Amino acid sequence: MNDMKKEIGLYIHIPFCVRKCLYCDFLSDTADDKVKKDYVNALIEEISQWKEIIKEKYKIKTIFIGGGTPTCLSPDLLMHIGDALSGMTDYVAEYTIESNPGTITKKHIDAFKQMGINRVSIGLQSANDDELRRLGRIHTYNEFLECFELLRSEGFNNINIDIMSDIPGQTIESYENTLKKVIGLRPEHISAYSLIVEPGTPFYDMEQSGKLDIADEDTDRQMYHLTKDILLRYGYKRYEISNYSLTGFECKHNLTYWKADEYLGVGLGAASYLDGMRFSNEMDLQRYIEMHNKKEMHNEKESSIKSITSVKEIAEKKEDVSILTKENMMEEFMFLGLRMCSGVSGKEFEARFGVPLRSIYGDVIDRFLKNKLLAEDNNSGRIYLTERGMDISNYVMSEFML
């Protein structure tokens, strides 16, 4: 019976941080201990709503606790979340938590172990303290090293480090120095992102007033290619536009997204894709807490929640619910799949949608093959972005919208 269950990923959102970074537009903010506790209680209540459905229909293959900074929660609150997942984690192969230097203690690591967490992602961004200050980060490079070494000493052998290019005032030389320092630590995975200036952030306001000194497009491309060349030299293979790993350490949870497989998101603003439906949670923190606060639920409402037995019943109570058409699913399969260096499989496309890939996308594929933005492996039937295609990936992917 278990083999009949569908494998999914589970994302858990923790919307808190010690201090908001100047570039961050994620759904996160600072909060006091009471708000954090109330939120975790609400989160646990939401998890309980899903528990029977998950146990009946799905196998959770990966868990990713993200934010925000999940490790700004106390170890006890993290353990409460872990306890709420009891009975749902029997098949989990990868269990990740995001963290920032300066927020992990030995007690946090003890909680990780008790919860079954086996992968930790650390937000370094830069090995240059001046660049960290310009980003509004709360830590120094030495504090990052202490965090990394503590995790290693406690037996964690699957660690990701986030780094960033195009930081204000950053040079190619300082970025290369960050790369080499990170490589010297031999983490299993490295995520290397370019800074994106998003509306609503302090960086956006600075850019609009001409006060943000960031790299031009040519320098950005130099940093991108430098990342690939240096990391490859030291055994880190790029498997997605911005992600590199040692062999066997690709992020299984993120591959769920890029392969357009199903996942459940719980917590403030978290998105889900289940049973052909895409839906998301309430984005207002206080409202989310009130919605999932047992003490404020009427008996009738509480009873109705406990009796829910289908994804559709829960989804209909969520925000931004949409039922994906076959065309929507094809689009997502293509533009998410092309993020991966292995690209998309024609055989898998046909197995999933019942029609040959070229019957839908033949013209656009042939055009990009001719322009050398796409390449094709005739043996495997996979189509993937070339190096030139990677440089203008957003344009290429947009052409696969139906």
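As a reminder, the structure under discussion sits directly above these lines.
Residues numbered from 1 in each chain as written. Predicted model: local features only at pLDDT ≥ 70, side-chain atom pairs only at ≥ 80, totals over all residues. Heavy atoms only, no water.

Further remarks concern unusual backbone geometry. Cis geometry marks the peptide bond from Gly 67 to Gly 68; its omega dihedral reads 20 degrees. Its location among the elements puts Gly 68 in the loop between β2 (58-67) and α2 (75-84). (Helix = DSSP H or I, 4+ residues; strand = E, 2+ residues; numbered from the N terminus.)

To continue, consider the packing of aromatic side chains. Given two aromatic rings, one states the distance between the centres and the angle between the planes to describe the pair. Counted according to the given criterion, the structure contains 18 aromatic pairs. Cation over ring: Lys 59 sits above Tyr 91, and NZ or CZ is 5.1 Å from the ring centre. The ring of Tyr 224 carries the charged tip of Arg 221 above its face, separated from the ring centre by 4.5 Å. (Phe/Tyr/Trp six-rings, centres within 6.5 Å; stacked < 30°, edge-to-face > 60°. Lys NZ or Arg CZ within 6 Å of the ring centre and 35° of its normal.)

Moving on, we come to the pairing of strand β3 (residues 94-99). Taken across its 6 residues, β3 has 5 buried, putting it largely inside the fold. Across 4 bridges, β2 lies against β3 in parallel orientation. Across the sheet, the residue bridging to Thr 62 is Glu 94, located in β3. Here β3 pairs with strand β4 (residues 119-125) via 4 bridges, running parallel. The residue bridging Thr 96 from the neighbouring strand is Arg 119, located in β4. Read from β3 through helix α3 (residues 106-115) to β4, the crossover connection turns out right-handed. (Buried < 20%, exposed > 50% of the residue type's maximum accessible area, 1.4 Å probe, protein only. Pairing = 2+ DSSP bridges. Right-handed = clockwise from strand over helix to strand, strands pointing away.)

Time to look at the environment of Tyr 263. The topology assignment puts Tyr 263 in strand β9 (residues 263-266). Classification of Tyr 263 as buried rests on a relative accessible area of 12%. Counting along the chain gives 202 residues from Tyr 263 to Lys 61, while the straight-line C-alpha distance between them is 9.6 Å. Setting aside residues no more than four positions away along its own chain, Tyr 263 makes contact with Ile 8, Gly 9, Thr 256, Tyr 257, Ala 271, Ser 272, Tyr 273, Leu 274 and Arg 278. (Contact = heavy atoms within 4.5 Å.)

Moving on, we get to helix α14 (residues 346-353). For α14, the full list of buried residues reads Gly 346, Phe 349 and Phe 353. Projection of α14 onto a plane perpendicular to its axis shows the buried side chains occupying an angular sector of 60 degrees, all on one side. Exposed residues lying more than 90 degrees from the buried face of α14 are Lys 347 and Ala 351. Against the buried residues of α14 lie α13 (326-337), β13 (344-345) and α15 (357-370). (Arc of directions from axis to C-beta.)

Quick look at the side chain of Thr 386 now. Mapped onto the fold, Thr 386 is located in the loop between β15 (382-385) and α16 (387-391). The exposure class assigned to Thr 386 is buried, which follows from its relative accessible area of 17%. Side-chain polar atoms of Thr 386 contact the backbone oxygen of Lys 372, separated by 2.7 Å. (Polar contact = N/O pair within 3.5 Å; in protein donor to acceptor, adjacent residues only side chain to side chain.)

Moving on, we get to the side chain of His 253. Locating His 253 in the fold gives a position in helix α9 (residues 252-258). By relative accessible area, which is 0% here, His 253 ends up buried. A polar side-chain atom of His 253 sits 2.7 Å from a polar atom in the side chain of Tyr 257. Filtering out sequence-adjacent residues up to four positions away, His 253 remains in contact with Gly 9, Leu 10, Tyr 11, Thr 62, Ile 63, Phe 64 and Glu 94.

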